[in-house]
2 protein chains.
Amino acid sequence: MKVLTEQKFSANSQEEMAKFAKALAHPTRLEILRLLSTQSCCFTGDLVEVLPIAQSTVSQHLKELKNAGLIQGEIDAPKIKYCINQENWRKAKLLFAAFFE
Amino acid sequence: MKVLTEQKFSANSQEEMAKFAKALAHPTRLEILRLLSTQSCCFTGDLVEVLPIAQSTVSQHLKELKNAGLIQGEIDAPKIKYCINQENWRKAKLLFAAFFE
DNA sequence: AAAACCAATCGTATATTTACGATTAACTAT
DNA sequence: ATAGTTAATCGTAAATATACGATTGGTTTT
């Protein structure tokens, strides 16, 4: 029973880590996260200005990062301010650190 | 010039990190890496026995991990022994640690 | 109310990923 | 030489990811 639980937990944390890794698996998304984590929150428009891709594509990447739980949006009408989701950021950090020992 | 170099370096390490993240973005590959990193090297056949997927699929995942540089194969005929590529493992560890601060 | 602005979503095309069974390649052992 | 073992590769199908322009939905400003 204990083993089963542990295996299940392990499988779950592996799923979760894979989900985070998937979100990190694109240079554009890494750049977005880097911008958000170093220069604090920013608006979608700021990102669109900086990144060499279409607005709709930036939105798509933001959606994926949001779905993975790494960022969160906050309405500041008519703009939307994105920030790192600190809780999951920490969770991801711990998962990766533990994985690499 | 300095800035350009730095940007290039930054872009490169982001590319490299994305490459590693992509390799980590699948539960099966995480499991393979976990097995290799905790119980040392093992043969493809050992992995095929443990994993609930076809041999050809395991081979495909191994190929991706090899291409990402996270593992390396060594012929021990007629088997092939896979191990963690320590140098790149360390590199990935550092990249992720630096990324999450 | 109308015009303007911002960002998400839609529709779409193309590329990549994931999985499988079947086959092939390389080597060992008989 | 032949048979057997091991793992990679091929061919293929289905799902997912990536990118774009166009459109839509909210909100604000005029």
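Residues numbered from 1 in each chain as written. Chains lettered and ligands numbered in written order. Predicted model: local features only at pLDDT ≥ 70, side-chain atom pairs only at ≥ 80, totals over all residues. Heavy atoms only, no water.

## Comments concerning the packing of helix 2 (residues 27-38) of chain B against helix 4 (residues 55-67) of chain B
Residues and elements named next belong to chain B.
Thought 1: Where helix 2 meets helix 4, the closest approach of the two axes is 10 Å, and the angle between their N-to-C directions is 70 degrees. As far as their axial angle goes, helix 4 and helix 2 are roughly perpendicular. Taking contact as the criterion, the partners of Thr 28, Arg 29, Ile 32 and Leu 33 in helix 2 are, on helix 4, His 61, Leu 62, Glu 64 and Leu 65.
Thought 2: Broken down by class, the residue content of the contact of helix 2 with helix 4 amounts to 4 nonpolar, 2 polar and 2 charged. (Axes fitted to C-alpha atoms, helices over the stretch in contact; angles between N-to-C directions. Helix = DSSP H or I, 4+ residues; strand = E, 2+ residues; numbered from the N terminus. Parallel < 35°, antiparallel > 145°, perpendicular 65-115°, else oblique. Contact = heavy atoms within 4.5 Å. Nonpolar A, V, L, I, M, F, W, Y, C, P; charged D, E, K, R; others polar.)

## Some remarks on the protein's contact with DNA strand D
Thought 1: Taken together, 23 residues are adjacent to DNA strand D, and A:Lys22, A:His61, B:Gln55, B:Ser59 and B:Tyr82 come closest.
Thought 2: When atoms of DNA strand D within 4 Å of the protein are sorted by moiety, sugar and phosphate together comprise 66%.
Thought 3: Note that a base nitrogen of DNA strand D is positioned 2.9 Å from one of the side-chain N or O atoms of A:Gln60.
Thought 4: Among the elements of the structure, helix 4 (55-67) of chain A together with helix 3 (44-50), helix 4 and strand 3 (79-84) of chain B are those that each provide at least two residues to the surface near DNA strand D.
Thought 5: The leading source of residues in the surface near DNA strand D is helix 4 of chain A, at 5 residues. (Near = heavy atom within 4 Å. Polar contact = N/O pair within 3.5 Å; in protein donor to acceptor, adjacent residues only side chain to side chain.)

## A look at the protein's contact with DNA strand C
Thought 1: Surveying the vicinity of DNA strand C reveals 22 residues, the closest of which are A:Gln55, A:Ser59, A:Tyr82, B:Lys22 and B:His61.
Thought 2: One of the side-chain N or O atoms of A:Tyr82 is found 2.3 Å from a phosphate oxygen in DNA strand C.
Thought 3: B:Thr57 places a polar side-chain atom, nitrogen or oxygen, 2.9 Å from a phosphate oxygen of DNA strand C.
Thought 4: For the surface near DNA strand C, the secondary-structure elements that each account for two or more residues are helix 3 (44-50), helix 4 and strand 3 (79-84) of chain A together with helix 4 of chain B.
Thought 5: Residue contributions to the surface near DNA strand C peak at 5 residues, all from helix 4 of chain B.
Thought 6: Counted by class, the surface near DNA strand C contains 7 nonpolar, 10 polar and 5 charged residues.

## A word on the relation of the copies chain A and chain B
The two chain copies are related to each other by a rotation about an axis together with a translation along it.
Thought 1: Overlaying chain A on chain B yields an RMSD of 0.0 Å, the required transformation being a rotation through 180 degrees with an accompanying axial translation of 0.0 Å. Such a turn and shift between the copies fits a two-fold axis. Relative to the rotation axis, the C-alpha of A:Ala21 is the closest in chain A, positioned 2.5 Å from it.
Thought 2: Same-surface contact between copies: 96% of interface residues of chain A are shared with the interface of chain B. (Least-squares fit on C-alpha atoms with pLDDT ≥ 70 in both.)

## Things to note about the packing of aromatic side chains
Thought 1: Scanning the model with the defined rule gives 9 aromatic pairs over all chains in all.
Thought 2: Among the aromatic residues, ring-to-ring pairing joins A:Trp89, A:Phe96, A:Phe99, A:Phe100, B:Trp89, B:Phe96, B:Phe99 and B:Phe100 into one connected group.
Thought 3: Directly above the aromatic system of A:Phe20 lies the positively charged group of A:Lys19, at a separation of 5.1 Å from the ring centroid.
Thought 4: One Lys or Arg, B:Lys79, reaches over the ring of B:Phe43 and ends 4.9 Å from the middle of that ring. (Phe/Tyr/Trp six-rings, centres within 6.5 Å; stacked < 30°, edge-to-face > 60°. Lys NZ or Arg CZ within 6 Å of the ring centre and 35° of its normal.)

## A short note on the interface of chain A and chain B
By convention, interface size is frequently given as the accessible area that disappears when the constituent parts associate.
Thought 1: Listed as interface residues are 23 residues of chain A and, on the opposing side, 22 residues of chain B.
Thought 2: For the pair chain A and chain B, the two sides together bury roughly 2200 Å², of which 70% comes from carbon and sulfur.
Thought 3: There are 0 salt bridges connecting chain A and chain B.
Thought 4: Between chain A and chain B we count 2 residue pairs in polar contact (both at pLDDT 80 or more) in total.
Thought 5: The set of elements that each furnish at least two residues to the side of chain A that touches chain B consists of helix 1 (2-24), helix 2 (27-38) and helix 5 (86-99) of chain A.
Thought 6: A per-element tally of the side of chain A that touches chain B places helix 1 of chain A first, with 8 residues.
Thought 7: The residue makeup of the side of chain A that touches chain B, split by class, is 13 nonpolar, 4 polar and 6 charged. (Buried area = accessible area lost by both parts, 1.4 Å probe. Salt bridge = Lys/Arg side-chain N within 4 Å of Asp/Glu carboxyl O.)

## Some thoughts on the side chain of A:Ser37
Thought 1: Note on placement: A:Ser37 falls in helix 2.
Thought 2: There is a polar contact of 3.3 Å between the side chain of A:Ser37 and the backbone oxygen of A:Arg34.
Thought 3: What A:Ser37 contacts, discounting residues up to four positions off in sequence, is A:Ile84, A:Trp89 and B:Glu101.

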